[in-house]
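Residues per chain, in single letters:
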Amino acid sequence: MHSPRLLLLNGPNLNLLGERETAIYGTKTLAELEQSLKHEAESLGYELICKQTNSEGDFVDLIQTHRIGMPIQVSGLIINPAAYTHTSVAIRDAVLASRLPTVEVHISQLAKREVFRQKSLISDVVLGTVSGFGLYGYTLALLALVNHLEDV
Ligand code: DQA
């Protein structure tokens, strides 16, 4: 029997981690982040599937593909919808429709940034939000999701 799966979805411009606004988002690349998170998940007994897309529709499709009842079953979601966090009713609806326990993560501390980043359309439909701890926030999100899955 293989390990239970979790899905990490990163949104637009996060493929440019390591070169984009490094003072805010750091110097590690997305590939490096994904690799270390996969190892961390594995050590907790989970397989982590990692995807990134710049497109809102693809983000919705990826959530739908892994929703409860689909063949590629995952036990939970970690999402950083990036700029779509502040605009996307479609991603919010997809998270709700998936019925998957979901943790939202942001690298930067949204509360300290521009006013337009301070509203998340996602936060009230997820288990919780991690924001402001840099890339370490993904580890925190993983730990929080696993704790939730094993606590219920
Ligand atoms: C972000 C914050 C968003 O406002 C921004 O558009 C991003 C990244 C973060 O991880 O801090 O692209 O989600």
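The preceding data block contains the structure.
Residues numbered from 1 in each chain as written. Predicted model: local features only at pLDDT ≥ 70, side-chain atom pairs only at ≥ 80, totals over all residues. Heavy atoms only, no water.

Re the site of the ligand
- Around the ligand, the neighbouring residues are Arg20, Tyr25, Asn80, Ala82, Ala83, His86, His106, Ile107, Ser108, Leu110, Arg113 and Arg117.
- Within the side chain of Arg20, one N or O atom sits 2.9 Å away from an oxygen atom of the ligand.
- Between an oxygen atom of the ligand and a side-chain N or O atom of His86, the distance comes to 2.7 Å.
- With the chains in place, 99% of the 320 Å² that the ligand exposes on its own is no longer accessible. (Near = heavy atom within 4 Å. Polar contact = N/O pair within 3.5 Å; in protein donor to acceptor, adjacent residues only side chain to side chain. Areas by Shrake-Rupley, 256 points an atom, 1.4 Å probe, with all protein chains shown as cover.)

Observations concerning the nonpolar core
- Leu17 and Tyr138 are the most contacted members of the largest nonpolar core, which totals 24 residues.
- By residue number, the principal contributor to this core is helix α5 (residues 136-151), which donates five residues.
- Of all hydrophobic cores here, the second largest spans 18 residues; its members include Leu9, Ile91, Ile122 and Val125. (Core = buried A, V, L, I, M, F, W, Y, C linked by side-chain atoms within 4.5 Å. Buried < 20%, exposed > 50% of the residue type's maximum accessible area, 1.4 Å probe, protein only. Helix = DSSP H or I, 4+ residues; strand = E, 2+ residues; numbered from the N terminus.)

Section: the packing of helix α3 (residues 56-65) against helix α4 (residues 89-98)
- α4 packs onto α3 with a crossing angle of 5° between their chain directions and a minimal axis gap of 9 Å. Taken as axis vectors, α3 and α4 run roughly parallel relative to one another. Mapping the contact onto sequence places Glu56, Phe59, Val60 and Ile63 in α3 and Ala90, Ile91, Ala94, Val95 and Ser98 in α4.
- When the residues that make up the contact of α3 with α4 are grouped by side-chain class, the tally is seven nonpolar, one polar and one charged. (Axes fitted to C-alpha atoms, helices over the stretch in contact; angles between N-to-C directions. Parallel < 35°, antiparallel > 145°, perpendicular 65-115°, else oblique. Contact = heavy atoms within 4.5 Å. Nonpolar A, V, L, I, M, F, W, Y, C, P; charged D, E, K, R; others polar.)

Concerning the side chain of Arg117
- Locating Arg117 in the fold gives a position in the loop between β4 (102-106) and β5 (128-131).
- A relative accessible area of 17% places Arg117 in the buried class.
- Setting aside chain neighbours within four positions, we find Arg117 in contact with His86 and Leu110.

Some remarks on unusual backbone geometry
- With phi around 75°, Asn13 is a residue other than glycine that occupies positive phi space.
- For Asn13, the location among the structural elements is in the loop between β1 (5-10) and α1 (22-25).
- Judged by relative accessible area, which is 36%, Asn13 ranks as partly exposed.
- For Glu21, which is not glycine, the phi dihedral falls at a positive 35°.

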